[in-house]
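What follows is each chain in one-letter form.
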Amino acid sequence: MEFNHFDANGNAIMVDVSEKKDTDRAALAKGRIYMSRETIAAVKGGSVKKGDVLGVARVAGIMAAKKTPDLIPLCHVLCLTKASVDFTVEEDYVEAACTVKTTGKTGVEMEALTGVSVALLTVFDMCKALDKTMEITDIHVVRKEGGKSGLFVNPKDKTEE
């Protein structure tokens, strides 16, 4: 495997994508935060003292997706055409899903991963007074499409079957 984030001298560089064609690109990333049933009830019932947990986390995730190049070294600055965060609340966890789209020369999986990560971190921050045992897990790319590699669906993700 050839690594292209380094020059001939071993220095870190941003990959030159100037010769690539613009294509429609999309990525979906998911992750979970496990918490007590009491905390789940507070999130669902809107009784967390810091406010609307999922509403704030949604905005935080979208903002994070847009700021990915400021957080992850060597990421390209992309003009995102979509960034959304959705939540599913289960019995003992909240699942966040971040979808990102663009038309460009490079993919958006880092933006989707960053969006879902910050959304879950925001849930943690807003609920930490209620539950110190929360655990963020399972952050992964579910699918990505566009570019030379085409469609990728993560075979480990059962939700995309």
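Structural notes on the overall build of the chain
Reasoning step 1: A count of helices and strands for the chain gives four helices and five strands.
Reasoning step 2: Starting at the N terminus and walking to the C terminus, you meet the elements of the chain as β-α-α-α-β-β-α-β-β.
Reasoning step 3: Viewed in the frame of its principal axes, the chain has a C-alpha envelope of about 55 × 35 × 30 Å.
Reasoning step 4: Restricting to contacts in the chain with at least 6 residues of sequence separation, those with at least 24 account for 69%.
Reasoning step 5: Of note, the chain has its 22 positive side-chain charges centred 3 Å away from the centre of its 24 negative side-chain charges.

What to know about the pattern of salt bridges
Reasoning step 1: For the coordinates displayed, the defined rule picks out nine salt bridges.
Reasoning step 2: The closest approach of N and O atoms between Arg-32 and Glu-95, which form a salt bridge, is 3.2 Å. Placement of the pair is Arg-32 in strand S1 (residues 23-34) and Glu-95 in strand S3 (residues 93-104), with a sequence separation of 63 residues.
Reasoning step 3: Taking the relative accessible area as the measure of exposure, Arg-32 reaches 21% and is therefore partly exposed.
Reasoning step 4: Assessed through its relative accessible area of 13%, Glu-95 is described here as buried.
Reasoning step 5: Close ionic contact of Asp-125 with Lys-50 constitutes a salt bridge, the shortest N to O distance being 3.7 Å. Taken together, the residues span a long stretch of sequence, with Asp-125 in helix H4 (residues 109-127) and Lys-50 in the loop between helix H1 (37-45) and helix H2 (53-66) at a distance of 75 residues.
Reasoning step 6: In the salt-bridge network here, residues are joined through shared partners; they are Lys-30, Arg-32 and Glu-95.

Focus: the pairing of strand S4 (residues 135-145)
Reasoning step 1: Pairing of S1 with S4 involves eight bridges; the strand directions are antiparallel. For Ala-29, the partnering residue across the bridge sits in S4 and is Val-141.
Reasoning step 2: In terms of strand pairing, S4 meets strand S5 (residues 152-153) through two bridges, oriented antiparallel. Residue Arg-143 lies in a different strand from S5, and its bridge partner there is Val-153.
Reasoning step 3: The antiparallel pairing of S4 with S5 creates a hairpin that spans six residues between the two strands, and Gly-146 there sits at a positive phi of about 105 degrees.

A look at the pairing of S1
Reasoning step 1: Pairing analysis gives 12 bridges linking S1 to S3, with the strands arranged antiparallel. If you follow Ala-27 over to S3, its bridge partner there is Val-100.

Some thoughts on the sheet that holds S5
Reasoning step 1: Strands sit in the order S2-S3-S1-S4-S5 across an open sheet of five strands; the sheet is antiparallel. The outermost strands of the open sheet, each flanked by one partner alone, are strand S2 (80-89) and S5.
Reasoning step 2: Its contacts with the sheet place H2 against S2 and S3, and it is angled at close to 145 degrees to S2.
Reasoning step 3: Along the sheet, H4 contacts S1, S2, S3 and S4; its crossing angle with S1, the most-contacted strand, is approximately 25 degrees.

Cut-off values and rules
- Residues numbered from 1 in each chain as written.
- Predicted model: local features only at pLDDT ≥ 70, side-chain atom pairs only at ≥ 80, totals over all residues.
- Heavy atoms only, no water.
- Helix = DSSP H or I, 4+ residues; strand = E, 2+ residues; numbered from the N terminus.
- Contact = heavy atoms within 4.5 Å.
- Lys, Arg positive; Asp, Glu negative; His and termini not counted.
- Charge placed at Lys NZ, Arg CZ, Asp CG, Glu CD.
- Salt bridge = Lys/Arg side-chain N within 4 Å of Asp/Glu carboxyl O.
- Buried < 20%, exposed > 50% of the residue type's maximum accessible area, 1.4 Å probe, protein only.
- Pairing = 2+ DSSP bridges.
- Axes fitted to C-alpha atoms, helices over the stretch in contact; angles between N-to-C directions.

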